[in-house]
Amino acid sequence: MGKKMLFVLLVILMSLSLVGIIFVQAYFINNTFKNEDEQFTFNVKKALTYTSNKVVELEYDLYVEKLEEMLAQGIVPDSTTISGIIVRKQYDNANQIIVYNTSVVEENFKMPSLFDMGLDSSSFSMYTGLATKQVFSNIDLDNGLTIAPSETTKNVFSLNKLQYATFEAQYREEAKNTPVHLRVTKETIEKLLSKKLTEDGIDINFEYAIYHKDLATKVQSANFEPQKSKTIGVPIFLDNNDESEYKLYINFPDRNKFILSSIVGMAILALVFTIIIIIAYSSALYQLIKQRQISQIKTDFINNMTHEFKTPIATINLALDAIRNPKIINDEEKVKRYLGMIKDENKRMHAQVENVLRISKLEKNELNISKERVELHDLMHDAIMHIELIVESRNGYVKTHFDAVNCDVLANETHFTNVIVNMLDNAVKYSNDEPKIDIYTENVGNNILIKIQDKGNGMSKSVQKRVFEKFYREHTGDVHNVKGHGLGLAYVKRIVEDHQGHVSVESEKGKGSTFIIKLPLIS
């Protein structure tokens, strides 16, 4: 019992280890897939952000380019001084007054709209710094200044930061109210996305679209369909408050296939190795269990064979001891009787050995079975004679119901007689009460069916599946309660199959068994 428990424990531990390995591999592959998916999403968002920024940058550059073209044409703006500082300094000794004037000048331009061609014009303001210096001399008696200064200088300087901020704010405000399809083309979006995605190794088909307040715009690919779990988006065209009503979306029809392709090599290797481990483990476990069964069967076989030989050996010894007895040796009748017993027991042991050798030869395909035309009914009558006396001694019967009209078959008379004898012998052995055996034959098409029915112990479904295996015997608690070695039905199966036939069994525990042999007839 201890060894059995240890074996079961080892099997459980090995099975748990195998399940653990499979679980770890599945977890690792799943985790790798998630990491690849997250990396894919990161790269896509990076491409979307790049595209969003690049589109705005290109639009701004175009806006500035058009403005520069307009200014190059020499358009004179309306100028207004919006702030200024005037400083006067009088030098009595020099008889001069110097006037410093620093101011900010707003220049207003009227120009065609850069976005909406339906508008006549749009206004643009540009700010410039102006610093002047005037020197007045020749003061008259009334302390008045001469009309023309003796010296005047001007310095125009650019207010870069203020100008840039003002220009950008004006550009964004004007662009905000312009339809998106006038601001960017589908070709530009597709080109920028393709470029950035390819740089990150994403070279699969994609669908894109720009949405305004969750509504589709004209800027989208032909087959774009928003999918909550697969669509990725970023804002585009931010306004002066860094907010936007527009979003650039993208999705990939073959996203999962692409991600899987990056781990498919590793996954296939893991799967192959797992299958190899499972097959190796299953085979090892099967062989281990099979060896235990074979070991048990062989132990039973040796015990049964020992039991089978012990009785005739003991009988022979007793008979020899009796013959050597001076009172018996001179009694010719008793001597003949004991010699007959010795001969019968010797034949019994010889038959046991022959059965074992016969199966061994069958396994090696060394048994030469020659066949000839025989009448199956005659052969079966001969077989019945072998067990008739035993059946009668136990108050049983063997009844024949030979309904087959044609019973000519191609068979080896000796071996097939042994087949029938073995089956009848089993019917007798496994009947605790009087053996009651019925034998039926019938023609079915080009075949003959032989049914050997008993009302003995019967067998369970599990036993029926293995009853034709070599060495197999049903365990009933005492391996010696029915004499035998587990070779009889294995021999039956091999001989019947060698005759191109088929053998099967129908049985119910406690209600008996029916063995059915199907053989082809000679046409």
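Asks: Looking at this model, I keep getting lost on the nonpolar core. Mind explaining?
Replies: Burial of nonpolar side chains together is a common tendency in soluble globular proteins. Residues Leu 376, Phe 416 and Ile 517 are the most contacted members of the largest nonpolar core, which totals 41 residues. Broken down by secondary-structure element, the contributors of at least two residues to this core are α7 (376-393), β11 (408-411), α8 (413-429), β12 (436-444), β13 (447-454), α10 (488-498), β14 (502-508) and β15 (512-520). Ranked by the residues each element gives to this core, the list is headed by α8, at eight residues. Not counting residues up to four positions away in its chain, the partners in contact with Phe 416 are Leu 376, Leu 379, Ala 411, Ile 450, Ile 495, Val 496, His 499, Ile 517 and Leu 519. In this structure, Leu 48, Leu 193, Ile 204 and Val 234 belong to the second largest nonpolar core, which totals 26 residues.

Asks: Explanation requested: the pattern of salt bridges in the structure shown.
Replies: If you walk through the whole model with that rule in mind, you get 15 salt bridges. In this structure, Glu 59 engages Arg 183 in a salt bridge whose closest nitrogen and oxygen atoms are separated by 2.7 Å. Note that Glu 59 is positioned in helix α1 (residues 2-72) and Arg 183 in the loop between α2 (160-176) and α3 (186-199), a separation of 124 residues in sequence. Residues Glu 59 and Arg 183 agree in their burial class; the two are buried. With a closest N to O distance of 3.2 Å, Asp 498 and Lys 371 form a salt bridge. Of this pair, Asp 498 sits in helix α10 while Lys 371 sits in the loop between α6 (332-363) and β9 (372-375); the two residues are 127 residues apart in sequence, bridging distant segments of the chain.

Asks: I'm lost on the packing of aromatic side chains in this one. Help?
Replies: When we look at a pair of aromatic rings, we describe it by the centre distance and by the angle of the planes. All chains considered together, the criterion is met by eight aromatic pairs. On the basis of an interplanar angle of 90 degrees and a centroid distance of 6.2 Å, the ring pair of Phe 468 and Phe 515 is categorised as edge-to-face. You can see Phe 468 sitting in the loop between α9 (461-466) and α10 and its partner Phe 515 sitting in strand β15, a full 47 residues away along the chain. Following the ring pairs from residue to residue traces out a cluster consisting of Phe 40, Phe 206, Tyr 208, Phe 252 and Phe 258. The ring of Phe 237 has Arg 183 sitting right over it, with the charged end atom 4.0 Å from the ring centre.

Calculation rules
- Residues numbered from 1 in each chain as written.
- Predicted model: local features only at pLDDT ≥ 70, side-chain atom pairs only at ≥ 80, totals over all residues.
- Heavy atoms only, no water.
- Core = buried A, V, L, I, M, F, W, Y, C linked by side-chain atoms within 4.5 Å.
- Buried < 20%, exposed > 50% of the residue type's maximum accessible area, 1.4 Å probe, protein only.
- Helix = DSSP H or I, 4+ residues; strand = E, 2+ residues; numbered from the N terminus.
- Contact = heavy atoms within 4.5 Å.
- Salt bridge = Lys/Arg side-chain N within 4 Å of Asp/Glu carboxyl O.
- Phe/Tyr/Trp six-rings, centres within 6.5 Å; stacked < 30°, edge-to-face > 60°.
- Lys NZ or Arg CZ within 6 Å of the ring centre and 35° of its normal.

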